[in-house]
Every structure is written in structure tokens, then in C-alpha cells.
Amino acid sequence: MRKDKTVQRIIRYRNRELRTQLFRLSPFWWAIIIFVIASLLLFLSFLIYDYSDWTSGALVSTSCGCFTGLVFYFLSNIRNNKVAKLQKEYKQLKDVLDVIRNITNIANCYKLKALYGSKRDIFEDRENVYLWIDELELARNQLPIELYDILPEKGYDPVDRDNLNNYRESLYNSNETNLIESTILDIHTELLPLADKMQELYREREDQLMLLGKHFF
């Protein structure tokens with residue numbers, strides 16, 4: 001109970017702090033000033049309507065222009081915030097995808113070696129995959145939960161901390177050529193559905209940014 005009260009006090013304090021910061025923002029005050037001016041112009045046009053139709057109409061038009069400007073201002077802010085959010089998610093997804101592709105490209109070399117042969121240094125590849133798993137963990141931690149949590153078809157996250165630690169442990173304990181190759185291919189199998197999911201989310205953000213005219217990556 002005491003803990004709940006402490007949390008509530010922290011939340012109330014944080015809300016007061018945010019309101020204080022809001023009042024310090026110049027766009028907030030300009031919006032209020034423009035709203036007040038527009039309201040006064042509208043009221044004044046009503047007062048002089050019987051004395052000057054033209055002046056009253058001009059005041060109404062000016063007032064409507066102020067309100068329209070405010071609407072466009074807020075709509076523009078909403079759009080810019082959405083664009084910024086999409087750009088951030090686009091970059092986060094790209095970082096995850098890039099690391100997964102590095103790992104899957106290595107695995108594909110071993111999957112296709114029967115057709116094309118392979119002269120790769122498998123021990124070097126093991127070290128690279130190990131390092132990329134570290135990079136994958138860093139990139140995965142940047143993804144918000146609402147963007148990605150689990151793979152529906154698997155029912156879990158292939159790149160959560162436990163699974164990544166299992167990949168590292170398997171690579172570390174693999175000292176024979178065949179075992180290393182098998183481990184890399186197993187990791188590839190686990191990451192492939194995730195790559196498809198990340199690619200789907202990535203393309204969605206890419207299309208949305210293109211439609212908004214802000215695709216510059």
C-alpha cells in the first residue's frame with residue numbers, strides 16, 4: 001500500500017512537472033494568444049454587425065483565418081511527430097535487419113556449399129557470428145515492445161536475452177568444423193522467421209514514409 005502511494009506521488013509530481021514545462025513553451029502561448037485574438041475578432045464582428053456589414057464580415061474572415069491557421073498548426077505538429085516516430089522505427093528495424101542478414105549470409109554459404117563449394121574459414125565465421133549476436137542484442141534492445149515482442153508463429157522471441165545467450169553458448173562450445181557449421185545453421189533457422197517479420201515491419205515504415213514525403217534514408 002505504501003509503495004502504491006509512493007508511485008502515485010511520483011506520477012503526480014511528474015504530471016505537474018510536465019504541465020510546468022508546457023507553460024514554458026512559446027508555441028503554447030502563441031496558440032493561446034491567436035485563439036484569444038480570433039475569439040475577440042469574432043465577438044467584435046457580432047457587436048458591429050448592425051453598423052457595418054463589410055467590417056463585420058472582414059473581422060469574421062480574419063477570425064476564421066486564425067482558427068484555420070491553428071488547425072493547420074496542430075495538424076502539422078501531429079504529422080511531424082508521426083514522421084519522427086516512423087523514422088526512428090525505420091532506423092531501429094534496419095539496424096536489426098542488417099545484423100540478421102550478416103548472420104544469415106554466412107549460413108547461406110554453408111547451406112549452398114554442396115553446389116558452389118566453400119573455402120571459408122569456419123572458425124573466423126564462428127567469431128564473426130558471435131560478435132554479430134552481441135550487435136543483434138544491442139539492436140534488439142532498441143525496439144519498443146509495441147513494435148515487436150514475439151513471433152506469432154513461434155510464440156516467443158528468438159532474440160530475447162535467453163535465446164541469444166544460448167546461441168553464444170552453443171558457438172562457444174563448438175570446436176569441431178561440423179559442429180560449428182551445424183550451430184550456425186541452427187541459428188540461421190531460428191532467425192529466418194524473425195528476418196521475415198522485421199522485413200515486413202520495415203517495408204511498412206518505408207511505404208508510410210514515402211507517402212508522407214519523408215523517405216530520405
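Just so you know, these numbers come straight off a predicted model, no measurement behind them.

The rules we used
- Residues numbered from 1 in each chain as written.
- Predicted model: local features only at pLDDT ≥ 70, side-chain atom pairs only at ≥ 80, totals over all residues.
- Heavy atoms only, no water.
- Helix = DSSP H or I, 4+ residues; strand = E, 2+ residues; numbered from the N terminus.
- Buried < 20%, exposed > 50% of the residue type's maximum accessible area, 1.4 Å probe, protein only.
- Contact = heavy atoms within 4.5 Å.
- Areas by Shrake-Rupley, 256 points an atom, 1.4 Å probe, with all protein chains shown as cover.
- Patch = residues over 30% accessible without salt bridge, like charges linked within 9 Å, V, L, I, M, F, W, Y side chains within 5 Å.
- Salt bridge = Lys/Arg side-chain N within 4 Å of Asp/Glu carboxyl O.
- Axes fitted to C-alpha atoms, helices over the stretch in contact; angles between N-to-C directions.
- Parallel < 35°, antiparallel > 145°, perpendicular 65-115°, else oblique.
- Left-handed = near helix turned anticlockwise from the far one by under 90°.
- Nonpolar A, V, L, I, M, F, W, Y, C, P; charged D, E, K, R; others polar.

Right, let's talk about the overall build of the chain for a bit. For the chain, the count of helices and strands is 7 helices and 0 strands. Beginning at the N terminus, the succession of helices and strands in the chain can be written as α-α-α-α-α-α-α. Buried positions account for 29% of the 217 residues belonging to the chain. Within the chain, contacts between residues separated by at least 24 positions form 71% of all contacts whose residues are at least 6 apart in sequence. When the accessible surface of the chain is totalled, it reaches about 14800 Å², and 59% of it is carbon and sulfur.

Next up on the list: a nonpolar patch on the surface. Among the surface-exposed residues, Ile32, Phe35, Val36 and Leu40 lie close enough to one another that they form a single nonpolar patch of about 350 Å² accessible area. Locating Val36 in the fold gives a position in helix 2 (residues 26-47). By relative accessible area, Val36 is classed as partly exposed at 40%.

As a packed pair, helix 3 (residues 53-111) and helix 5 (residues 122-141) sit with axes 9 Å apart at the nearest point and diverge in direction by 160°. As far as their axial angle goes, helix 5 and helix 3 are roughly antiparallel. Crossing hand, helix 3 versus helix 5: left-handed. Between helix 3, through Asp95, Val96, Val99, Ile100, Asn102, Ile103, Ile106 and Tyr110, and helix 5, the contact on the second element is made entirely by Ile122, Asp125, Val129, Trp132, Ile133, Glu135, Leu136, Ala139 and Arg140. Of the residues in the contact of helix 3 with helix 5, the class split is 12 nonpolar, 1 polar and 4 charged.

Here the focus is the pattern of salt bridges. Applying the stated rule across the entire model yields 11 salt bridges. Glu89 is paired through a salt bridge with Lys85; the nearest N and O atoms lie 2.7 Å apart. Residue Glu89 and its partner Lys85 are both found in helix 3; the two are separated by 4 residues, about one turn of the helix. For Lys85, a relative accessible area of 43% puts it in the partly exposed group. Through salt bridges with shared partners, one network takes in Lys85, Glu89, Glu204 and Arg205.

Glancing now at the packing of helix 3 against helix 7 (residues 177-211). Here helix 3 crosses helix 7 at 150°, and the two axes come no closer than 7 Å. In this view, helix 3 runs roughly antiparallel relative to helix 7, as classed from their interaxial angle. Taken as a pair, helix 3 and helix 7 cross one another with a handedness that is left-handed. Residues of the contact of helix 3 with helix 7, tallied by class, amount to 21 nonpolar, 6 polar and 7 charged.

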